[in-house]
Amino acid sequence: MKKNRSGNAAPKAIPAPLNKRTFAFLLDWYLGSALSAVPAGILWNMQTGETAINTDITLFEAPWGLIAGLLGLLAGAVYYYLIPLRIWPGQTLGKRLMRIRITGCDDRLLPAGRLAVRQVAGIMILEGSFMITGQYVTGMLRMLTAGAVGSALNYLMLGVFLISVWMVFKKGQAVHDLWVDSKVVILTENI
């Protein structure tokens, strides 16, 4: 057990319940996707003059689809990575509202590199089959490889996402948590 400031043993962090994690995930999925869609929507409107927002980067003329995808990934990284790194340590807006936090299994905040692997490589890309950031990755690969790699990656991402959901139900840690030795816990101090 860790010691707190007074020298007494600090209680071990309590794992976040599934309902809080699920609500935080759904809120983060929505907000992260909305923010990631902004660059593609603006570029589409500038190119076509349409008022409808298009987020399918494969419909853009070259090289604008790749640019829209990269800008969308950058916007997603702001939400999923920079906010929990710099604004609200260990928390996206969804986690903050649910009063839960990402920590290492040692109950400390994740360092920048591990947080990047968890949030960007894990959540935004590899488990991103239902997220717009994952669609941008597969769309850019489809544009660069004439379709084959992007489609295969889409199926892989869906598989990893389903395994990750199963693992959260079974053991409380998703694939992205296992990669970086992290967990999501109930926030005990005031935010």
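Scroll up a little and you will see the structure.
Residues numbered from 1 in each chain as written. Predicted model: local features only at pLDDT ≥ 70, side-chain atom pairs only at ≥ 80, totals over all residues. Heavy atoms only, no water.

1. Focus on the overall build of the protein chain
When you go through the protein chain residue by residue, the secondary structure sums to seven helices and two strands. Shown N-terminal to C-terminal, the secondary structure of the protein chain runs as helices and strands in the order α-α-α-β-α-α-α-α-β. Look at the contacts in the protein chain between residues 6 or more apart in sequence, and 64% of them connect residues 24 or more apart. By element, 67% of the accessible surface of the protein chain is carried by carbon and sulfur atoms, the whole surface being about 10,300 Å². (Helix = DSSP H or I, 4+ residues; strand = E, 2+ residues; numbered from the N terminus. Contact = heavy atoms within 4.5 Å. Areas by Shrake-Rupley, 256 points an atom, 1.4 Å probe, with all protein chains shown as cover.)

2. Focus: the packing of aromatic side chains
Note on aromatic pairs: each is described by the distance of the centres and the angle between the planes. Enumeration according to the criterion identifies two aromatic pairs in this entry. When the ring of Trp44 is compared with that of Phe60, the centres are 5.2 Å apart and the planes differ by 80°; the resulting orientation is edge-to-face. Pair noted here: Trp44 is in helix H1 (residues 18-48) and Phe60 is in the loop between H1 and helix H2 (64-87), with a separation of 16 residues, a long-range link. Accessibility expressed as a relative area gives 11% for Trp44, which makes it buried. (Phe/Tyr/Trp six-rings, centres within 6.5 Å; stacked < 30°, edge-to-face > 60°. Buried < 20%, exposed > 50% of the residue type's maximum accessible area, 1.4 Å probe, protein only.)

3. Brief notes about the nonpolar core
The biggest cluster of nonpolar side chains holds 19 residues, and the ones touching the most others in it are Ala40, Ile57, Phe60, Ala68, Leu73, Tyr80 and Tyr136. For this core, the secondary structure elements donating two or more residues are H1, H2, helix H4 (112-126) and helix H5 (132-145). Among the elements that take part in this core, H2 stands out by supplying six residues, more than any other. The residues contacting Ile57, other than those within four sequence positions of it, are Ala40, Gly65, Ala68, Gly69, Tyr136, Gly139, Met140 and Met143. Tyr81, Leu85, Leu110 and Val180 belong to the second largest nonpolar core, which has six residues in total. (Core = buried A, V, L, I, M, F, W, Y, C linked by side-chain atoms within 4.5 Å.)

4. Points about a nonpolar patch on the surface
Together, Phe25, Leu26, Trp29, Tyr30, Phe130, Leu158 and Leu162 make up a nonpolar patch on the protein surface, roughly 680 Å² of accessible area in all. Counting only elements with at least two residues in the nonpolar patch, the list comes to H1 and helix H6 (148-171). A per-element tally of the nonpolar patch places H1 first, with four residues. On the secondary structure map, Leu162 appears in helix H6. (Patch = residues over 30% accessible without salt bridge, like charges linked within 9 Å, V, L, I, M, F, W, Y side chains within 5 Å. Salt bridge = Lys/Arg side-chain N within 4 Å of Asp/Glu carboxyl O.)

5. Let's talk about H4
Turning to H4, its buried residues number three or more, namely Leu115, Arg118, Gln119, Gly122, Ile123 and Met124. Within H4, the buried residues cover an arc of 160° as seen down the axis, which keeps them to one side. Considering only its buried residues, H4 is in contact with H1, H2, strand E1 (100-104), H5, helix H7 (175-180) and strand E2 (182-186). (Arc of directions from axis to C-beta.)

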